[in-house]
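# Per-entry structural report
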Amino acid sequence: MADRMSKIRIMLICDIIIAALTLAALAVPNITWLLPVLTLRTAMGVFHTPAQQALTRRTVRESELLQASSWNGLVNQSSKIAGPLLGAATLGAISPEACIILNAAARLLSFFLLLPLRTLAEPKAPEQRGQTDRTKFLEQWKEGWMFLLRAKIVLHTTLFGFFGLTAILMIDYQFPTLLREIAPADESLLGPLIAAIGAGAVGVMLVINRFGRIRYGWGLGGGYILIGAGIALLGSLKAGAEEALLLALGGLIGIGNGLYMLTHNVVLQKETPPEMIGRVFGIQNMITGIVMFAAPLAGGVLVRMTGAGSAFVCLGLATALIGFGGLILQAKLWPEDRHGAARRAQQPDTAKQHT
């Protein structure tokens, strides 16, 4: 849909429906009704990212995609700092229901901020001008998969992300379980840990934004190494560990996360034609959704079998090994330094032409 419709309108529709479903969660009588509401809310959120990424690719010059992606990432990661801290403070002052209402209000604020852009002209790439509305959705979906299979750098990035994300998400939802072992008397430690992860990501994005360039292999492989090291070290902590050490390891995970996510988005943005961005990010979101469905369940089983600490160490080391593999094979997986720059120099900068 992001390749066929107005990106701004998709984002507007998502915001208003998500706000409505957020408020609907307050009215449901039991968990049987709550789960479908949350499922629909998450499903609507899936439409938002491909539309946003496609709009970015169409309106930003290729030479400025790194800066644009870093600013998008900074906003995302900054919310991970402010959100948990504000949420904890709000929850201490008012009720959980009020927090949910504030969440819906934030979505409505997003809607009203985007509303003036609803008439924004979104230029079509030259390849799309000959298409008509009769082009079937499934044909475009197939074109997206065919492009993914042909574009080796995009395919390698997707596969690399799949294996690393599987290892990370097996443990991602088990942080409360680990914290109960490390600091059983401090139930509020999860918020500062998440904020530390967000702070690490924001810091590394600011640094990359200043330098203006990053190599694919170092960003993707190095990011996984730092994430894996932080997770493994967290799993090795004993009960009563210093809070400062815990937050420092959270910052290390955040640096790796920011490095990986920024590089990942830049690779997909730069190596994908503007008319394919929506489909590529849609496929990426679908793969992520499949991993998010299966990996946490497997991680829960592993934690029950081995304990939270051992599971964190094992999966952290697995993530770091995937990162090392990316570094070792980067010349084959992401040969952008030898070929990508020359190829892009020969192609017209579509966004610049439209601007």
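Structure first, text after, so check above.
Being a predicted model, the structure only gives us computed values, none of them experimental.

Criteria and cut-off values
Residues numbered from 1 in each chain as written. Predicted model: local features only at pLDDT ≥ 70, side-chain atom pairs only at ≥ 80, totals over all residues. Heavy atoms only, no water. Helix = DSSP H or I, 4+ residues; strand = E, 2+ residues; numbered from the N terminus. Buried < 20%, exposed > 50% of the residue type's maximum accessible area, 1.4 Å probe, protein only. Areas by Shrake-Rupley, 256 points an atom, 1.4 Å probe, with all protein chains shown as cover. Phe/Tyr/Trp six-rings, centres within 6.5 Å; stacked < 30°, edge-to-face > 60°. Arc of directions from axis to C-beta. Contact = heavy atoms within 4.5 Å. Core = buried A, V, L, I, M, F, W, Y, C linked by side-chain atoms within 4.5 Å. Salt bridge = Lys/Arg side-chain N within 4 Å of Asp/Glu carboxyl O.

### Digging into the overall build of the protein chain
- If you tally the helices and strands in the protein chain, you get 15 helices and zero strands.
- Counting the 355 residues in the protein chain, one finds 45% classified as buried.
- For the protein chain, the exposed area adds up to about 18300 Å²; of that, 67% sits on carbon and sulfur atoms.

### Quick notes on the packing of aromatic side chains
- Scanning the entire structure with this criterion turns up six aromatic pairs.
- The interplanar angle of 70° and the centroid separation of 5.3 Å between the aromatic rings of Phe162 and Phe163 together place this pair among those described as edge-to-face.
- You can call Phe162 partly exposed: its relative accessible area is 32%.
- Here the aromatic rings of Tyr224 and Tyr260 are separated by 4.5 Å at their centres, their planes lie at 15°, and the arrangement is stacked.

### Quick word on the environment of Ser310
- With respect to the element layout, Ser310 can be found in helix H12 (residues 308-328).
- Considered as a pair, Ser310 and Gly235 are 75 residues apart in the sequence and their alpha carbons are 6.3 Å apart.

### So, helix H7 (residues 175-182)
- Turning to H7, its buried residues are Phe175, Leu178, Leu179 and Ile182. Down the axis of H7, the buried set is contained in an arc of 100°. They therefore lie on one face.
- Looking at the buried positions of H7, the neighbouring elements they touch are helix H6 (152-172), helix H8 (190-211), helix H9 (216-236), helix H10 (243-271) and H12.

### Observations concerning the nonpolar core
- Ranked by internal contacts, the top residues of the largest apolar core, which has 35 residues, are Ile171, Leu234, Leu246, Ile253 and Trp334.
- Put simply, the parts of the chain that give this core at least two residues each are H6, H7, H8, H9, H10, helix H11 (277-306) and H12.
- When sequence neighbours within four positions are dropped, the list of residues in contact with Leu234 reads Phe175, Leu178, Ile182, Leu246, Leu249 and Ile253.
- The next biggest cluster of nonpolar side chains, apart from the first, holds 15 residues, and it includes Cys14, Met44, Ala51 and Phe111.

### Details of the environment of Thr39
- Position of Thr39 relative to the elements: it lies in helix H2 (residues 31-59).
- Taking the relative accessible area as the measure of exposure, Thr39 reaches 53% and is therefore exposed.
- Expressed as a C-alpha distance, the spacing of Thr39 and Leu21, which sit 18 residues apart in the sequence, is 9.8 Å.

### Focus: the side chain of Thr22
- In this fold, Thr22 is placed in helix H1 (residues 7-27).
- Of the residues examined, Thr22 reaches a relative accessible area of 5% and is grouped as buried.
- Setting aside its immediate chain neighbours within four residues, Thr22 contacts Arg41, Ile100, Asn103 and Ala104.

### Details of the pattern of salt bridges
- Taken as a whole, this structure holds two salt bridges when the rule is applied.
- Asp15 is paired through a salt bridge with Arg107; the nearest N and O atoms lie 2.7 Å apart. Of the two residues, Asp15 sits in helix H1 while Arg107 sits in helix H4 (residues 96-114), which places them 92 residues apart along the sequence.
- Since its relative accessible area comes to 0%, Asp15 is described here as buried.

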